[in-house]
Amino acid sequence: MDLVLGSRSENGWAVLEVQGEVDLYTSPQLRDAILRLTEEGENRIVIDLNNVSFIDSSGLGVLVAGLKRARERGGELALVFGEGSVQKVLSITGLDKVFSTQGSVGEATGRT
Amino acid sequence: MEQRATDRIDAAASTVSITIPADPAHVGTVRFFAAAVARHARLEEELTDDLRLAVSEACAEAMEAGMTGSIRVALSLEPGGIAVEVTSGSTRPEGGAPGPEGSELVPMNRLQLIRALFPDAESDQGRGTKVLRFTARP
């Protein structure tokens, strides 16, 4: 089981689209994708989790590490997700108050 | 020899179990299995999602604690819910493996997260064996 990851640019932000389930097995793929973006000089990153059907604390750890890396470079990492299991696990862990979260990629990048 | 997940239905006791190797690649199989049992028990969708998360965290926690043997996940159908028991064994001599990068930054560890979902969650660890139990109930 692999994640499907896609990246693009929008309004000066790097948008990382994630599809699938993020767990102990697949979270390294997400980590590597975020790492690649920061190594390419991207420090304003939006991670689109709307097509993520599952995420556990392995995935949350990768997201928090990515946020920390972006902020160390003077940037930001925002999350986009709808109501559902992703929102719930972020809420339970209190991480919904740590990340900048938006309902759409357009809102996150300032396009809309 | 290829390691495979095996499942067994004990109809008399209404317990369904699956055994996986301590390999992260198989945690998704456990979630799929738990969702199927939850559907059979007619659990609500949100409770099913909670159950999937809890068994995923339990299996991952066993692997990170150094369990190298098989991990058995048993789901027992009870009135109104499902009793879950996750049993793992054969600790690695050098102990547990570090969690994924960033795991130390998450405000809750895996067991705390499971308890936030199912407050009766209990973990016992003896000589070479670890057992986690909780009940998925509305």
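Everything discussed here concerns the structure shown above.
Figured I'd write up the structure that's included with this text.

1. Details of the packing of aromatic side chains
Right, on to step 1. Under the criterion given, the structure shown has one aromatic pair over all chains.
Right, on to step 2. With a centroid separation of 5.1 Å and 5° between ring planes, the pair formed by B:F118 and B:F134 is classed as stacked. With B:F118 in the loop between helix 3 (110-117) and strand 5 (122-125) and B:F134 in strand 6 (residues 129-136), the pair connects residues that are 16 residues apart, well separated along the chain.
Right, on to step 3. Here B:F118 falls in the buried class, since its relative accessible area comes to 2%.
Right, on to step 4. Classification of B:F134 as buried rests on a relative accessible area of 2%.
Right, on to step 5. The lysine or arginine in question, B:R31, covers the ring of A:F54, its NZ or CZ lying 4.1 Å from the ring centre.

2. What about the interface of chain A and chain B?
You'll often see interface size given as the accessible area lost when the parts meet.
Right, on to step 1. In this assembly, 25 residues from chain A lie in contact with 27 residues from chain B.
Right, on to step 2. Taken together, both faces of the contact between chain A and chain B bury some 2000 Å²; the carbon and sulfur share is 64%.
Right, on to step 3. Between the two partners, chain A and chain B, sit six salt bridges.
Right, on to step 4. Across the salt bridge formed by B:R31 and A:D23, the nearest N and O atoms sit 2.9 Å from each other.
Right, on to step 5. Elements represented by at least two residues in the side of chain A that touches chain B include exactly strand 3 (44-55), helix 2 (57-72) and helix 3 (85-92) of chain A.
Right, on to step 6. Considering each element in turn, the side of chain A that touches chain B owes the most residues, nine residues, to helix 2 of chain A.
Right, on to step 7. Looking at side-chain class alone, the side of chain A that touches chain B contains twelve nonpolar, six polar and seven charged residues.

3. Points about unusual backbone geometry
Right, on to step 1. Phi is positive for A:N11, close to 55°, though the residue is something other than glycine.
Right, on to step 2. Mapped onto the secondary structure, A:N11 falls in the loop between strand 1 (4-10) and strand 2 (13-22).
Right, on to step 3. The class for A:N11 is partly exposed, based on a relative accessible area of 49%.
Right, on to step 4. The phi dihedral of B:R42 is positive, around 60°, even though this residue is not glycine.
Right, on to step 5. Looking at where B:R42 falls in the secondary structure, it is placed in the loop between helix 1 (27-40) and helix 2 (45-64).

4. Looking at the environment of A:D2
All names here are of chain A.
Right, on to step 1. Mapped onto the fold, D2 is located in the segment before strand 1.
Right, on to step 2. When the C-alpha atoms of D2 and E21 are compared, they prove to be 7.9 Å apart, with 19 residues separating the residues in sequence.
Right, on to step 3. D2 has contacts with T26 and Q29, leaving out every residue within four places of it along the chain.

5. As for helix 2 of chain B
All names here are of chain B.
Right, on to step 1. In this model helix 2 runs 29 Å from its N-terminal to its C-terminal C-alpha over 20 residues, within 8% of the 28 Å that 1.5 Å per residue would give.
Right, on to step 2. Taken across its 20 residues, helix 2 has 16 buried, putting it largely inside the fold.
Right, on to step 3. One or two steps after helix 2, the chain reaches G66, where phi turns positive at roughly 100°.

Cut-offs used in this document
Residues numbered from 1 in each chain as written. Chains lettered and ligands numbered in written order. Predicted model: local features only at pLDDT ≥ 70, side-chain atom pairs only at ≥ 80, totals over all residues. Heavy atoms only, no water. Phe/Tyr/Trp six-rings, centres within 6.5 Å; stacked < 30°, edge-to-face > 60°. Helix = DSSP H or I, 4+ residues; strand = E, 2+ residues; numbered from the N terminus. Buried < 20%, exposed > 50% of the residue type's maximum accessible area, 1.4 Å probe, protein only. Lys NZ or Arg CZ within 6 Å of the ring centre and 35° of its normal. Contact = heavy atoms within 4.5 Å. Buried area = accessible area lost by both parts, 1.4 Å probe. Salt bridge = Lys/Arg side-chain N within 4 Å of Asp/Glu carboxyl O. Nonpolar A, V, L, I, M, F, W, Y, C, P; charged D, E, K, R; others polar. Expected span 1.5 Å × (residues − 1).

From the geometry alone we can't say anything about function, so treat these as descriptive.
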